[in-house]
Amino acid sequence: MGNRTVLEETAQHMVAPGKGILAADESSGTIKKRFDGIGLESTEANRRAYRHLLFTTPEIESFISGVILYDETLRQKALDVAETPFSVLLANKGILPGIKVDTGAKPLAGFPGELITEGLDGLRKRLAEYRELGARFAKWRAVITIGQRIPSAACIDTNAHALARYAALCQEADIVPIVEPEVLMDGAHDIDVCDTVTENTLKRVFFALHEHRVYLEGIVLKPSMVLSGSTCPVEAGVEEVAKRTINNFLRNVPAAVPGIAFLSGGQSSERATAHLNAMNALFPHLPWQVSFSYGRALQEAPLAAWRGDPAHTTSAQKAFHHRALCNGAARNGKYTEAMERAA
Ligand code: 13P
């Protein structure tokens, strides 16, 4: 176990009121997919230009407490004359740099359609280097798939076990682990199924964290919301999603956890904001901070505005600022549709 005070302070900074986390840790494969969507080649220079655009957006530190980076980005420098490392540029704005440390979800042998996240071997050494490079928190994403007779108990348990081993290693290095068990929204299942799978997953994850002596005051949970499957014929409304999600978490997430920072998981940007807002508006007195750690829901708008053209940098930064501002308002239940129209 590392320094508990350091872990607590970092975790609290990550979930500071009115702010949330930008997930900009797309692996090489994922960022290529995003760039394909705007017809841009995924070169080192383009990835650097895009991350520079996001991180230098004026006033973004009012709404963003931390940024999750990918290995390449943590080693990259901004495009200023001084070539300031991105980690330093962010830290200078009071934004904590974080790092994705898992090496991806791979097929789980013997369990068709299910995944296990890899990356534990050698992790202690990598974490020490990442700490040197300025990372103050880390991320590991476990993936739980809903389908015919899945998820299996074995899939949930192996992923929970890996998350717990990762979290313990992070804390040993004074790095706050983002514990991310994502229940995928892909599929035609209804919200009841998602509710049950999310509950089973959270129970097993917190049991594993306990067994591995993880200090709950020094983690941030990054879960998916309780939602209808993306191709379910009936889509649950915003208020139902908010109530189901919070009631589920009240049963399953200990009050010692400082914050829950949701992923967006393929929801539209506005829907992800509306869900976060409803949770905070309907439940103003929760034991944990209810925040965001969005990737797509923060980046879709700026990516579409930018399209790799330097002439569009300002409009892309405005689009990013707007989404961050809306999600910052949703942290207090103060987001309105009028804010979208005003933009
Ligand atoms: P999305 O918000 O796009 O789901 O990404 C968040 C993330 O970091 C997934 O690991």
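The structure this text deals with has already been given above.
Residues numbered from 1 in each chain as written. Predicted model: local features only at pLDDT ≥ 70, side-chain atom pairs only at ≥ 80, totals over all residues. Heavy atoms only, no water.

**Student:** Just to check I follow, could you spell out the overall build of the protein chain for this structure?
**Tutor:** Along its length, the protein chain carries 13 helices and 10 strands. Along the longest, intermediate and shortest principal axes, the C-alpha atoms of the protein chain span 50 × 45 × 40 Å. Considering only residue pairs separated by 6 or more positions, the protein chain has 80% of its internal contacts joining residues 24 or more positions apart. Counting only carbon and sulfur atoms, one obtains 52% of the accessible surface of the protein chain, whose full area is about 14100 Å². (Helix = DSSP H or I, 4+ residues; strand = E, 2+ residues; numbered from the N terminus. Contact = heavy atoms within 4.5 Å. Areas by Shrake-Rupley, 256 points an atom, 1.4 Å probe, with all protein chains shown as cover.)

**Student:** Got a minute to help me understand the site of the ligand in this structure?
**Tutor:** Surrounding the ligand, one finds 13 residues, the nearest of these being Lys-139, Lys-222, Ser-264, Gly-265 and Arg-296. The separation between an oxygen atom of the ligand and a polar side-chain atom of Glu-180 is 2.9 Å. Within the side chain of Arg-296, an N or O atom sits 2.7 Å from an oxygen atom of the ligand. Protein coverage of the free-state accessible area of the ligand, which is 300 Å², stands at 92%. For the shell around the ligand, the secondary structure elements donating two or more residues are strand S6 (137-144) and strand S10 (289-294). Split into classes, the residues belonging to the shell around the ligand amount to three nonpolar, four polar and six charged. (Near = heavy atom within 4 Å. Polar contact = N/O pair within 3.5 Å; in protein donor to acceptor, adjacent residues only side chain to side chain. Nonpolar A, V, L, I, M, F, W, Y, C, P; charged D, E, K, R; others polar.)

**Student:** Just to check I follow, could you spell out the environment of Asp-186 for this structure?
**Tutor:** Among the secondary structure elements, Asp-186 is positioned in the loop between strand S7 (176-183) and helix H8 (191-211). Along the primary structure Asp-186 and Gly-266 are separated by 80 residues, whereas in three dimensions their C-alpha atoms are 8.9 Å apart. Discounting residues that sit within four places of it in the chain, Asp-186 has contacts with Ile-146 and Ser-230.

**Student:** How do you make sense of helix H12 (residues 313-330) when you look at a structure like this?
**Tutor:** With 18 residues, H12 should reach 26 Å at 1.5 Å per residue; the first-to-last C-alpha distance of 26 Å fits that figure. All of the buried residues in H12 are Ala-316, Gln-317, Ala-319, Phe-320, His-322, Arg-323, Ala-324, Cys-326, Asn-327, Gly-328, Ala-329 and Ala-330. (Expected span 1.5 Å × (residues − 1). Buried < 20%, exposed > 50% of the residue type's maximum accessible area, 1.4 Å probe, protein only.)

**Student:** It is not clear to me how the pattern of salt bridges should be interpreted in this structure. Could you clarify?
**Tutor:** Between side chains of opposite charge, pairing is possible as soon as their charged atoms come close. By the definition in use, this model includes 23 salt bridges. Between Arg-141 and Glu-182 there is a salt bridge, with its nearest N and O atoms 2.7 Å apart. Note that Arg-141 is positioned in strand S6 and Glu-182 in strand S7, a separation of 41 residues in sequence. Residue class for Arg-141 comes out partly exposed when judged on its relative accessible area of 27%. The closest approach of N and O atoms between Glu-199 and Arg-251, which form a salt bridge, is 3.0 Å. Here the residue Glu-199 occupies a position in helix H8, and Arg-251 occupies one in helix H9 (residues 238-252), the gap between them amounting to 52 residues. A single network of salt bridges, built from pairs that share partners, joins Asp-25, Lys-139, Arg-141, Glu-180 and Glu-182. (Salt bridge = Lys/Arg side-chain N within 4 Å of Asp/Glu carboxyl O.)

**Student:** Teacher, can you tell me more about helix H7 (residues 153-172) here?
**Tutor:** Side chains three or four residues apart in an α-helix point the same way, a direct result of the helix having 3.6 residues per turn. The first and last C-alpha atoms of H7 sit 29 Å apart over 20 residues, in line with the 28 Å expected at 1.5 Å per residue. Along H7, the positions that sit buried rather than exposed are Cys-155, Ile-156, Asn-159, Ala-160, Ala-162, Leu-163, Ala-164, Tyr-166, Ala-167, Leu-169, Cys-170 and Gln-171. Contact partners of the buried residues in H7: helix H1 (4-14), strand S5 (115-117), helix H6 (123-132), S6, S7 and H8. Downstream of H7 by a residue or two, Asp-174 has a phi angle that is positive, lying close to 60°.

Interpretation in functional terms is not warranted from these geometric data alone.
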